[in-house]
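These are the residues of each chain, in order.
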Amino acid sequence: MLPSMVVLTLVLVTFLGWISLGNAGGNEKINSDNITRILDRLLDGYDNRLRPGSGGGVTEVKTDFFVTSFGPVSDVEMEYTMDMFFRQMWVDERLKFEGPTEILRLNNRMVDKIWTPDTFFRNSKKSISHNMTTPNKLFRIMQNGTVLYTMRLTISAECPMNLIDFPMDGHACPLRFGSYAYTSSEIMFTWRKGPIASVDCPKESISLLQYDLVGQTLSSEIFKTNTGHYSVQVVHFHLQRKLGYYLIQTYIPLIMIVVLSQVSFWINKESVPARTVAGITTVLTMTTLSISARQSLPKVSYATAMDWFIAVCFAFVASALVEFAAVNYFATIQANRLKKQKARQDKLEVLATSSEDGDTVSLDSSPQEGLKRRNHSVCRSEPGEAPPLPIFLQQGSAFPQIPQLAGTSPIDKYARILFPLVFALFNLVYWYIYLVKDTMESARDTELEI
C-alpha cells in the first residue's frame, strides 16, 4: 500500500511541474509577442525625421555623463583625452505605450528607427564611438514616452593653456557640446541631475601623471552665430599641475649650480685656471638645463615662471664669472703698479750705489769695471734673505710671483656675503609669490554669452 502511494505522489508532482513550465513558456511567448506588437505599433507612422513636438514647443534634452578614464593631458598640443558614458534623455509623445512592461530595453538597432538629438562636441579634435564587439549603445523607452540613450565615447578636446605661471599653473579645460542644426528655440539642453552631480568623475578613473583633477564646474550657455542661437552645455575640468617632477629635474639642479658657481669666491685668486674652468662649466651647464626644460613645453612667446627662475640663476652664474674677471683685472693693475714702484726703487738704489762707489774708484779705472762692480753690488743677496723658489713653484697658481699680492681680494670678501644673501632673498620672494598665489586659471568664455 505504501509504495503505491509514493509512486502516485511522484507522478502527481511531475504532472504539476510540466503544467507550470508550460504556463511559464506560454506567458513568455505572450510577453514577447506583446512587446513585438508594441514596437510595431510605435513605429507605425513614426517619422524619425521630425523632432518631438515639431512645430510646437521646445524639446528638452537632459544630459549627464560618467567619466571612466581621464587623461592624458598634452601641454605641447594643448589638449586632453577622456573616455566616458554619455547619457541623453528626452520625452517623445509619439512613443507612449501601454503593456505588461514599464520599460522597453532595446539594443542599438532601434536607434536608427527613431529620432535622436544631433549632439556634437564643439571643441573636440577627435571623437570615437566604440563599436567592439557591437556598438556600445544603450537604449530605453518608458511608458510615458521618455527615451534614455547612452553611448560610450572617447574624446580628445582642446584645452587652451596660459603658461605664465608654469610649473605652478592650473588650467580649466572645457568640454562644450550641443545641437548642430537645431537652435535654442527648438532644442534646449539641460543638466539631468543639476549643475553639481551631472558629471561623475571618480578618483579611480583619473590617470594623470603631471596633474591633479581638483574638480569640475558645469554651466549652460547660448552660442550666438549668424545662423541663430544654440543651446550649449559646458563642463570645465580644473587641473592643477604637480610640482614634484620639476623640483627634482630643474629647480634643485639649478640651485646647486648657482651654489657651485659661488664656491669659486673661496678659491685663491691666483688660481686662474681653476676659477676660469669652474665659471665656464657652470655657465654651460646652466645653458643645457634651460634648453632641456623647454623641450616639454609649446613654443610660447612669453616668459613662464620657470623661465624667470632660469634667467636669474643664469645671471648669478654669469656674474660669478664676471666677478673673477674684475678681481683678476684689478690684481693685474696692482701688480703693474708694484712692478713700476720696484723698478723705480731698484733704479734709485743703483744710482746711490754707483755714487758711493765713485768716491773710491780711481780716475784711471775704466767705465766697464765700474759697471761690473755696480752689477755685482745689486746682485748680492742679504744674509737673511730667503732662497729663491724653484721654477715649477714660481709658475704654479698657488704662489703669487709678487708677495705683496698674496691674500684675499676685497671683491671676493664682499661677494662671499652678498651673492648667497641676494640669491637666498630671491628664492624666498619667488617661492612665496607662486606658492601663495592662486594660479588656477579661470574659465574663459570669449565667444559664449549667457
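The rules behind the values
- Residues numbered from 1 in each chain as written.
- Predicted model: local features only at pLDDT ≥ 70, side-chain atom pairs only at ≥ 80, totals over all residues.
- Heavy atoms only, no water.
- Helix = DSSP H or I, 4+ residues; strand = E, 2+ residues; numbered from the N terminus.
- Buried < 20%, exposed > 50% of the residue type's maximum accessible area, 1.4 Å probe, protein only.
- Contact = heavy atoms within 4.5 Å.
- 1 Å grid on protein atoms, 1.4 Å probe; cavity = no way out; pocket = protein on both sides within 12 Å on 5 of 7 lines; lining within 4 Å.
- Points joined across faces, edges and corners; volume = space filled by probe spheres on them.
- Nonpolar A, V, L, I, M, F, W, Y, C, P; charged D, E, K, R; others polar.
- Expected span 1.5 Å × (residues − 1).
- Disulfide = S-S within 2.5 Å.
- Pairing = 2+ DSSP bridges.
- Salt bridge = Lys/Arg side-chain N within 4 Å of Asp/Glu carboxyl O.
- pLDDT = per-residue confidence, 0-100.
- Axes fitted to C-alpha atoms, helices over the stretch in contact; angles between N-to-C directions.
- Parallel < 35°, antiparallel > 145°, perpendicular 65-115°, else oblique.
- Left-handed = near helix turned anticlockwise from the far one by under 90°.
- Polar contact = N/O pair within 3.5 Å; in protein donor to acceptor, adjacent residues only side chain to side chain.
- Bend = angle between axes of the 7 residues up to and from the residue.
- Patch = residues over 30% accessible without salt bridge, like charges linked within 9 Å, V, L, I, M, F, W, Y side chains within 5 Å.
- Areas by Shrake-Rupley, 256 points an atom, 1.4 Å probe, with all protein chains shown as cover.
- Phe/Tyr/Trp six-rings, centres within 6.5 Å; stacked < 30°, edge-to-face > 60°.
- Lys NZ or Arg CZ within 6 Å of the ring centre and 35° of its normal.

1. As for the overall build of the protein chain
In terms of helices and strands, the protein chain carries eight helices and 13 strands. Counting across all 450 residues of the protein chain, residues that qualify as buried make up 35%. A fraction of 80% describes how many contacts in the protein chain between residues 6 or more apart in sequence connect residues 24 or more apart.

2. What to know about empty space enclosed by the protein
Going through the model one piece at a time under the given rule, you end up with one cavity of 30 Å³ or more. Empty space within the largest cavity amounts to approximately 50 Å³. Secondary-structure elements contributing two or more residues to the lining of the largest cavity are helix H4 (272–293) and helix H5 (305–360). In terms of residue class, the lining of the largest cavity is built from five nonpolar, four polar and one charged.

3. Quick word on helix H3 (residues 244–263)
Over its 20 residues, H3 runs 27 Å from end to end, which matches the ideal 28 Å to within 8%, given 1.5 Å per residue. For H3, the set of buried residues is Tyr246, Thr250, Tyr251, Leu254, Ile257, Val258, Ser261 and Gln262.

4. As for the state of the cysteines
All chains considered together, the criterion is met by one disulfide. Put simply, cysteine 159 and cysteine 173 are joined by a disulfide, and their sulfur atoms are 2.0 Å apart. One quick way to see it: the torsion about the S-S bond of cysteine 159 and cysteine 173 is about -70 degrees, and its sign makes the bridge left-handed. Here the residue cysteine 159 occupies a position in the loop between strand E7 (146–158) and strand E8 (170–179), and cysteine 173 occupies one in strand E8, the gap between them amounting to 14 residues.

5. As for the pairing of strand E11 (residues 211–225)
Bridge analysis of E11 against strand E12 (residues 228–241) gives 14 bridges, and the strand direction is antiparallel. Paired with leucine 218 across the bridge in E12 is valine 235. Between the end of E11 and the start of E12, which pair antiparallel, lie two residues.

6. Thoughts on unusual backbone geometry
The linkage connecting glycine 71 with the following residue, proline 72, adopts the cis geometry, with an omega of 5 degrees. Along the chain, proline 72 turns up in strand E1 (residues 59–74). Methionine 132 connects to threonine 133 through a cis peptide bond whose omega is -5 degrees. The residue threonine 133 is located in the loop between strand E5 (124–129) and strand E6 (137–142) in this model. Residue methionine 78 is not a glycine yet carries a positive backbone phi of 55 degrees.

7. Describing the pattern of salt bridges
For the structure shown, the criterion picks out 14 salt bridges. In this structure, aspartate 83 and arginine 152 form a salt bridge, with 3.3 Å as the shortest nitrogen-oxygen distance. Of this pair, aspartate 83 sits in strand E2 (residues 79–91) while arginine 152 sits in strand E7, placing them 69 residues apart in sequence. The partner of arginine 275 in a salt bridge is aspartate 412, with the nearest N and O atoms 2.9 Å apart. Taken as a pair, arginine 275 in helix H4 and aspartate 412 in helix H8 (residues 410–436) lie far apart in primary sequence, 137 residues in all. Across the pair, aspartate 412 and arginine 275 agree in class, each one buried. One salt-bridge network, held together by shared partners, links Asp64, Arg87 and Arg192.

8. So, the confidence of the model for the protein chain
Predicted coordinates in areas of low pLDDT are best not read in detail. Per-chain confidence: the protein chain averages 82 in pLDDT, with 79% of residues scoring 70 or above. This model gives residues 370–386 a pLDDT under 50, and the stretch forms seven contacts once residues within four places in sequence are excluded. Below pLDDT 50 for its whole length, residues 389–399 participates in nine contacts with residues either more than four positions away or in separate chains.

9. Notes on the packing of H3 against H4
Packing of H3 against H4 brings their axes to within 10 Å, and their N-to-C directions diverge by 170 degrees. Taken together, the axis directions place H3 and H4 in an arrangement best described as roughly antiparallel. The interaxial crossing formed by H3 with H4 has left-handed handedness. Contact residues: H3 offers Gln249, Thr250, Pro253, Leu254, Ile257, Val258 and Ser261, while H4 offers Thr282, Thr285, Met286, Leu289 and Ala293. When grouped by side-chain class, the residues that make up the contact of H3 with H4 number seven nonpolar, five polar and no charged.

10. Remarks on the side chain of threonine 59
Along the chain, threonine 59 falls in strand E1. There is a polar contact of 2.9 Å between the side chain of threonine 59 and the side chain of arginine 51. Those residues in contact with threonine 59 that sit more than four places away from it in its chain are Arg51, Pro52, Trp115, Glu186, Ile187 and Met188.

11. Points about H8
A rise of 1.5 Å per residue sets the reference length of H8, with its 27 residues, at 39 Å; its end C-alpha atoms lie 39 Å apart and thus fit the reference within 8%. Along H8, the helix axis deviates most sharply at arginine 416, where the bend reaches about 25 degrees; the proline proline 420 sits within four residues downstream. Listed as buried for H8 are Asp412, Ala415, Phe419, Phe423, Phe426, Asn427, Tyr430, Trp431 and Tyr434.

12. Topic: a nonpolar patch on the surface
On the surface, a cluster of nonpolar side chains totalling about 630 Å² of accessible area is made up of Leu425, Leu428, Val429, Tyr432, Ile433 and Val436. Checked against the element boundaries, valine 436 lands in helix H8. A residue is classified by how much of its surface remains accessible, and valine 436, at 56% relative accessible area, is exposed.

13. Here's the deal with the packing of aromatic side chains
Across all of its chains, the model carries 30 aromatic pairs by this definition. Measuring from centroid to centroid gives 6.1 Å for tyrosine 80 and phenylalanine 237, while their planes differ by 65 degrees, and the two rings are edge-to-face. You can see tyrosine 80 sitting in strand E2 and its partner phenylalanine 237 sitting in strand E12, a full 157 residues away along the chain. For tyrosine 80, a relative accessible area of 1% corresponds to the buried category. The interplanar angle of 65 degrees and the centroid separation of 4.9 Å between the aromatic rings of tyrosine 251 and phenylalanine 309 together place this pair among those described as edge-to-face. A residue pair is termed long-range when its members are at least 10 positions apart, and tyrosine 251 in helix H3 and phenylalanine 309 in helix H5 qualify at 58 residues. For the pair tyrosine 251 and phenylalanine 309, a shared accessibility class is recorded, and that class is buried. Three or more aromatic residues joined by ring pairs make a cluster, and in this case those are Tyr251, Phe265, Phe309, Phe316, Phe419, Phe423, Phe426, Tyr430, Trp431 and Tyr434. The lysine or arginine in question, arginine 122, covers the ring of phenylalanine 223, its NZ or CZ lying 4.5 Å from the ring centre. The ring of tryptophan 266 has arginine 416 sitting right over it, with the charged end atom 4.2 Å from the ring centre.

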